[in-house]
Structure formats: C-alpha cells, structure tokens
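Letter by letter, the chains look like this.
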Amino acid sequence: MNPNQSQTAIDSAVDPAVDLLDLTQHEIEALRTRYNLADAHTHQQQSPRQREIVASLPKLWYQAEEGLQAHYEQRFTEAFFRLHRQPTALARNKTMLSYAASISTMVAGMFLKQRRMAVTLIEPCFDNLHDVLANLGVAAYPLDESALHDPDRIYSELKRRVRTDALFLVDPNNPTGFSLLQFGRRGFEEVVRFCKDHHKVLVIDFCFASFTLFDSEATRFDVYELLESSGVTYLAIEDTGKTWPVQDAKCAMITSSDDIREAVYNLHTSVLLNVSPFTLNMLAHYLEDARHEQLASVRDVLNRNRDQVRKTLDGTILQYQEPAVKVSVAWAKVNHPLLTATDLQRLLYVEGVYVLPGRYFYWSEPSRGDAYIRFALARDPEMFAEAMDITRQVLDRNVA
C-alpha cells in the first residue's frame, strides 16, 4: 500500500483517542473491545492449582469473617515478602497496606506535598504516576531512563540531572521492562549512594517486581536491606495487581524509612482504615501457591504471548524491544517515516484490537512516544494469538 492509501485508511478509521486524556481512560475504552491488549491487569485464566483456591473461596470468606484483621494483614505481608525474598522488610514489619497502588502513590505524593518537595520522575512511565503527583500539586521533572543504563555513570548522571528534593523511579519500568537489577546490586547501590550523599528522598515503584522472581538474568536481592543499612530516606511501593488473575482483588503496600515513618503513617490513616481481610486471606493463598510453583503459571502465559509478539512483528514496521526483565507488557518501536503509534492504534481499533500508543508514557514530551506502542501480555493465549493474527493482517494491509 502506498503512503496515500495508508493515510486514507487512517483518516477513515475511528479515532479511539478523541477526548481521552490519559492511559487509564484508554484502558476503560479497551474494556469494551473484543481484543483488549491495553491494560496491564491480569486477564488470563486460572491455573489448575489456582482453580482450587477459587473453589475454596466460601471457606476463605468465613475464615476472614471469624478472624482478626491483624492476623490476615500479617499473614499476607509475610507471604508476600517471603515470595519476594525480602527478609529485611519482613523483619522490620512496618509495611502499610492499601487496596490499590494508586492509593500508595497518592500517600507518597501527599508526603512530598506536605514537605513542599518537587520530584524528578523517570520517563517513560505509566502516566498516572505523574498525574497523581500533579493533582496533588507536586511539581515533577523528567529523568530520561537512559540516565540509568550504564552503572558506571549512574551517579554522575543523577548528579547532573536531578535538581529536585526527591527522585521517583519505577523498577522494573512500565512500559520498557528496564531494571537496575540487570546490574546486580550495583545499580541500586549507585542510586542510593547519590540520594544519601545529596539528601534526596528516594521513591521507588516496585509494582512489576514479581517478574524478577525466579529469573536468572535479573534476580531480586534484598533491596530493603540496602535501603535500611544505607540510612537513605525512602518510600517503596509494592503491589499484587499486575501478577495474579484475581479479578482486581488486590493489595498494594508502602514502606518508608524510619525517619519519616510517623509522617507517612499519619497520611496513610487519613486515606483508609484497612484492606478487606477476605481479600488478604485469598491473596495469601495465591502468594503461597506462587512460591510453591516458582510463579510458573504466570511466567508460562507471559512467555507464550511474548513469543507470539516476536513472531507476529518479525518483518514488520514494529520492532519488538527486548526488556531487561520479562514484564507483563511488550514495548515495540514503530519504524516508519509517516505512521505513528496513534495511527496504528486507530487501524487496530477498527478491527477490535485495542493497544496503547506510546505518547502518554512520555508524560513531559508526548511526541517522543509517537514511535512506540504497548501490548499487554497477561491474557488467555488463544485470544492473544487471534489478536496478533489480526495485528499482522492490519500491518501487512496498510504498510507496504
């Protein structure tokens, strides 16, 4: 197809981006489509062992009804940090629970606002991190992810680029899959050393950290031991919502250094009382099952769909970007002089496939994201294969 024909096809396609301000609004629209490859929430089916957990839900309900809230909070926290091999966080026992990562992020933002701090936020990243901060009145400035790509230069790059009171990283990063863990301890050590030397508050979003588990290439070490022993002021956010197929019945966590713990606790209690004990009881069983099977059921689905993306995009204008950590999303670069990711999103939308254009992930300079597109991988493999077949047909039909 020549460029003029491609442009005609794009112009005639329905525009899914009309009046949509952020990625979450796109994801809401995608819930109405047959092939929703937009949100990174888990939509794959249960494994055989997970079906046993689902079958036991009435029992778990009545257990939670009869037990103490504190018991289920402790059981969940212990199961989570045992799975993630974070004995220091487990021993410190100071993690606060909420029902969504955005709530934990909001608490972190409230702390920064209370201290009148500006923040340097990694880019690209999921745009609601920036939006939460902006809506709370916290000024955010971008840090290009490339500043962290060379462990020999991390300290000097941060010293040159970070002029704010706080540094906010996402590791592993969404959408790229980049992680400091590919450098072992050293990458995190350099970040922590910079923040300690220059009196910066370090905020880290670990919501995709489950995908580093049982991975020989980027294994998660005891990050909390490093944070605690360094004396750095920190806030760390964790989440279950991107890992297990639990119909969005999830739990997020926020942990802080002792020097700000009271202030963060007071902000946290101003937001919510507790997470459902039933949800915590159920999630503890998923966590224990994941530890038993070494997260195999989750990883197998993602690996199958990731291989399908590689196969589908091979020889097209979309170049799959290999991640440092095999996260639950695939990031692809658009190699075409005329087409943008938004153009491709429109063409796919007409065929019932909804993906996310990269421009929203580049929250400070959206045009930089026009060359990227994101596919969510946590889907039933048969449905995902159908969506990839359609994607290839659209690419072949509209791009010569």
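Only a predicted model underlies this, so the values are computations on that prediction, with no experimental measurement involved.

Student: Would you mind going over the overall build of the protein chain with me for this structure?
Tutor: When you go through the protein chain residue by residue, the secondary structure sums to 16 helices and 13 strands. At 21 Å, the protein chain has a C-alpha radius of gyration in line with the 21 Å of a compact globule built from 400 residues. Considered along the principal axes of its C-alpha atoms, the protein chain spans approximately 60 × 55 × 40 Å. In the protein chain, 77% of the contacts between residues at least 6 apart in sequence involve partners at least 24 apart. Entry remark: accessible area of the protein chain is about 16,600 Å², with carbon and sulfur atoms responsible for 48%. For the protein chain, the separation between the mean place of its 42 positive charges and that of its 53 negative charges on side chains is 4 Å.

Student: Just to check I follow, could you spell out the packing of aromatic side chains for this structure?
Tutor: To describe a pair of aromatic rings, you give the distance between the ring centres and the angle between the ring planes. Applying the stated rule across the entire model yields 16 aromatic pairs. Geometrically, the ring pair formed by F80 and F81 is edge-to-face, given 5.3 Å between the ring centres and 85 degrees between the ring planes. In this pair, the class of F80 matches that of F81, namely buried. Measuring from centroid to centroid gives 5.4 Å for W331 and F361, while their planes differ by 75 degrees, and the two rings are edge-to-face. Of this pair, W331 sits in strand β10 (residues 329–334) while F361 sits in the loop between β12 (356–357) and β13 (372–376), placing them 30 residues apart in sequence. For W331, a relative accessible area of 4% gives the class buried. Given a relative accessible area of 0%, F361 falls into the buried group.

Student: Quick question: what am I supposed to make of the environment of S256 here?
Tutor: Within the secondary structure, S256 is located in strand β8 (residues 252–256). A residue is classified by how much of its surface remains accessible, and S256, at 1% relative accessible area, is buried. Each C-alpha atom, one on S256 and one on G109, is 13 Å from the other, the two residues being 147 residues apart in sequence. Setting aside anything within four residues of it in sequence, one finds S256 in contact with K94, E228, Y234, L235, R261 and V264.

Student: Whenever I open this one, the sheet that holds strand β5 (residues 166–170) confuses me. Can you help?
Tutor: Within a sheet, adjacent strands bond to each other through the backbone by hydrogen bonds, running parallel or antiparallel. Ordered by their spatial adjacency, 7 strands build an open sheet running β2-β8-β7-β6-β5-β3-β4, and the pairing between neighbours is mixed. The sheet terminates laterally at β2 (96–98) and β4 (140–144), the two strands that pair on one side only. Direction aside, the axes of adjacent strands within the sheet are offset by 20 degrees on average. In this structure, strand β3 (residues 119–123) lies alongside β5, joined through 3 bridges in parallel fashion. Directly across from T120, in β5, lies its bridge partner L167. Contacts between helix α12 (residues 261–269) and the sheet are confined to β2, β7 (234–239) and β8, with β2 contributing the most and set at about 25 degrees to the helix.

Student: I tried to follow the pattern of salt bridges on my own but got confused; where do I start?
Tutor: Charged atoms that come close allow side chains of opposite charge to pair. Inspection of every chain in the model, using the stated rule, returns 28 salt bridges. In this structure, the salt-bridge partner of R374 is E27, at a minimum N-O distance of 3.8 Å. Placement of R374 in strand β13 and of E27 in helix α2 (residues 23–30) is noted, with a sequence separation of 347 residues between them. For the pair R374 and E27, a shared accessibility class is recorded, and that class is buried. Where D239 meets K242, a salt bridge forms, and the shortest distance between an N and an O atom there is 3.9 Å. The burial state of D239 is the same as that of K242; both residues are buried. Each member of the salt-bridge network shares a partner with another, and the members are R92, K94, E228 and D258.

Student: What exactly am I supposed to notice about the pairing of β13 here?
Tutor: On any regular strand, side chains alternate: one points to one face of the sheet, the next to the other face. With respect to burial, β13 is a largely interior element, 5 of its 5 residues being buried. Burial along β13 is two-sided: the residues Y372, R374 and A376 and I373 and F375 are all buried. Across 5 bridges, β10 lies against β13 in antiparallel orientation. Paired with V329 across the strands is A376, a residue of β13.

Student: I'm lost on the sheet that holds β12 in this one. Help?
Tutor: Pairing within the open sheet is antiparallel, and its 4 strands lie in the order β9-β10-β13-β12. Edge positions in the sheet fall to β9 (318–320) and β12, since each of these pairs with one other strand and no more.

Student: Looking at this structure, I do not really get the nonpolar core. What am I missing?
Tutor: Among soluble globular proteins, nonpolar side chains are generally buried collectively. In this structure, V191, L318 and F375 are the most contacted members of the largest nonpolar core, which totals 121 residues. Core analysis: the second largest hydrophobic core is formed by 12 residues, A38, F126, F361 and Y372 among them.

Student: Can you help me understand unusual backbone geometry in this one?
Tutor: Leaving glycine out, the prevailing phi sign among residues is negative, and the prevailing peptide bond configuration is trans. Between E123 and P124 the backbone carries a cis peptide bond, its omega angle lying at 5 degrees. Note on placement: P124 falls in the loop between β3 and α8 (127–135). The peptide bond linking D171 to P172 adopts the cis configuration, its omega dihedral lying at -5 degrees. As for its placement among the helices and strands, P172 is situated in the loop between β5 and α10 (186–197). Phi at H199 takes a positive value of approximately 60 degrees, unusual for a residue other than glycine. Among the structural elements, H199 can be located in the loop between α10 and β6 (201–205). With a phi angle near 60 degrees, L295 is a residue other than glycine that sits in the positive phi range. Along the chain, L295 turns up in the loop between α13 (277–293) and α14 (296–313).

The rules behind these values
- Residues numbered from 1 in each chain as written.
- Predicted model: local features only at pLDDT ≥ 70, side-chain atom pairs only at ≥ 80, totals over all residues.
- Heavy atoms only, no water.
- Helix = DSSP H or I, 4+ residues; strand = E, 2+ residues; numbered from the N terminus.
- Rg over C-alpha atoms; globule rule 2.2 N^0.38 Å.
- Contact = heavy atoms within 4.5 Å.
- Areas by Shrake-Rupley, 256 points an atom, 1.4 Å probe, with all protein chains shown as cover.
- Lys, Arg positive; Asp, Glu negative; His and termini not counted.
- Charge placed at Lys NZ, Arg CZ, Asp CG, Glu CD.
- Phe/Tyr/Trp six-rings, centres within 6.5 Å; stacked < 30°, edge-to-face > 60°.
- Buried < 20%, exposed > 50% of the residue type's maximum accessible area, 1.4 Å probe, protein only.
- Pairing = 2+ DSSP bridges.
- Axes fitted to C-alpha atoms, helices over the stretch in contact; angles between N-to-C directions.
- Salt bridge = Lys/Arg side-chain N within 4 Å of Asp/Glu carboxyl O.
- Core = buried A, V, L, I, M, F, W, Y, C linked by side-chain atoms within 4.5 Å.

Take it as geometry only, folks, not as evidence of what the structure does.
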